[in-house]
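Chain and residue survey
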Amino acid sequence: MSQSSSDNRFIIIGGGIAGVSAAEAIRKSRPEAEITLISEEPNLPYMRMSLTRYLAGEVRREKLFLHDEQWYLENHITLLLETRVLAIDAPAKEITLADGAKLAYDKLILASGANPRVPPFPGKDLKGVQTLRTLEDADLILEIARKKARVVCIGGGLLGLEAAGAVARQGADVTVLEGLDWLLPRQLDARASAILKEKIEALGIKVIVPAMTKALLGSEKVESVALADGRVLPADMVLVSTGVASNLELAQSAGLKVNRGVLVDEHMITSDPDILAAVAALKDGPFCVGFAAESEDLERHGQEKRERKGVPLLVANIGHETFGMDDNELLLIDANGSHRLPRASKTELAAALVNELAARLVTPIARS
Ligand SMILES: Cc1cc2nc3c(=O)[nH]c(=O)nc-3n(C[C@H](O)[C@H](O)[C@H](O)COP(=O)(O)OP(=O)(O)OC[C@H]3O[C@@H](n4cnc5c(N)ncnc54)[C@H](O)[C@@H]3O)c2cc1C
């Protein structure tokens, strides 16, 4: 058997940051490898994390792309766009595409990421009910927001707030709804969140919290949002940011072991030795500072914190792009109000953030 049919054919499913990074790494270590990168999106792979900055008008569209078309050609990476993989036949070591074509692999890398999870609100399929995950979503949201639309943002987490800040900067009339008791419920306690709420309201964004969405109303297009307390909010667009769920269908079709994500060992190898996975399931989501590990620390600290009543502080970098803060600046919220951490590298910021948190958790600064 020739090398090309034994261990040289790499297929990567997913053209997000994980898939492109995998292609780069394989090319670096295996100049002769056949690499196929498959993405169901129509655009060249881009930096998903920058979509809110794009939405806010801070990053130009062409700056989003990880590489230009030429790069894939020069690096001999076959890029299949608008191509959906339907199934993986692990024993046969081949995948099936939506058009029925089959491609054989020696090693498969599953980097299929996650998709927004929308609660089953009545009316969730109406036109104008949007999530923000892809560049196409961002383009559509931008088009509507610029028409001075009334936008109701459901979800007061990091992504929801960044998106709300971004569309407000495009001229939309924005209302944020959070179903739990306060904004950023996973990162902040009630008092810190109250400071944040004031800050956001000062930007002209309305915040309703807690706000239980009962239904999205309209005939074909969404026209309003009905809350459980009887209020009805007019809306030209409803932007739902209520979390993500990993894309696990392919892993399941291959019979891989999964929980909320695909189970891998320390080398990212799944329960099938020829399939690696970088499905960011357990780490996906809009993270503070952009570092999965640190954000997990933050979340863990946040949870601990909420269990330890009376520690009135948390730290966040909320929309440093969208709420007018410089890159690499953090918003620190504590019992004395909100202030900014000085410019530093993101690594320093992440370290400062976690240290700050840890210190505060050990020594509560005040009682709420
Ligand atoms: C607006 C926004 C802001 C964010 N901000 C941050 C942040 O500040 N910090 C942070 O850490 N994270 C942030 N995130 C989350 C971060 O973007 C994700 O964690 C990251 O994109 C995951 O990368 P990935 O390559 O694993 O998957 P994804 O980026 O989800 O890419 C997976 C790709 O696979 C494709 N795909 C899936 N199934 C198939 C199939 N069957 N066939 C073909 N293609 C398929 C998808 O279409 C997609 O293009 C943000 C997310 C969004 C949407």
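Residues numbered from 1 in each chain as written. Predicted model: local features only at pLDDT ≥ 70, side-chain atom pairs only at ≥ 80, totals over all residues.

Remarks on the confidence of the model for the protein chain
Segments scoring low in pLDDT should not have their predicted coordinates read at a detailed level. Mean pLDDT for the protein chain: 78, with 72% of residues reaching 70 or above. Here residues 280-328 is modelled with pLDDT under 50, and outside its nearest four sequence neighbours on either side it reaches 127 contacts, counting other chains as well. Confidence drops under a pLDDT of 50 for residues 343-368, and excluding neighbours within four residues, the segment shows 51 contacts in the predicted structure. (pLDDT = per-residue confidence, 0-100. Contact = placed C-beta atoms within 7 Å.)

Brief notes about the nonpolar core
Among the nonpolar cores identified, the biggest contains 43 residues, and V151, C153, V167 and V238 are the most heavily contacted of them. Of the residues forming this core, the biggest block, 8 residues, is contributed by helix α5 (residues 158-169). In this structure, this core is formed jointly by two domains, domain 1 (5-113 + 247-282) and domain 2 (116-243), each of which donates at least three residues. What V238 contacts, discounting residues up to four positions off in sequence, is G128, V129, Q130, V152, I154, L216, V222 and V225. By size, the runner-up hydrophobic cluster in this structure holds 32 residues, among which are I11, I13, I95 and I109. (Core = buried A, V, L, I, M, F, W, Y, C linked by C-beta atoms within 7 Å. Buried ≥ 20, exposed ≤ 12 C-beta atoms within 10 Å, placed from the backbone. Helix = DSSP H or I, 4+ residues; strand = E, 2+ residues; numbered from the N terminus. Domains from an automatic or database assignment.)

Looking at helix α1 (residues 17-29)
With 13 residues, α1 should cover 18 Å at 1.5 Å per step; its first-to-last C-alpha distance of 18 Å lies within 8% of that length. Residues A18, G19, V20, A22, A23 and I26 constitute the buried set of α1. On its buried side, α1 packs onto β1 (9-13), β2 (34-38), β3 (77-80) and β7 (107-110). (Expected span 1.5 Å × (residues − 1).)

Things to note about unusual backbone geometry
Of note, the amide linkage connecting V209 to P210 takes the cis form, showing an omega dihedral of -10 degrees. One can find P210 in the loop between β12 (206-208) and β13 (213-217). Even without glycine at this site, K148 takes up a positive phi of about 55 degrees. Within the secondary structure layout, K148 lies in the loop between α4 (135-145) and β10 (150-154).

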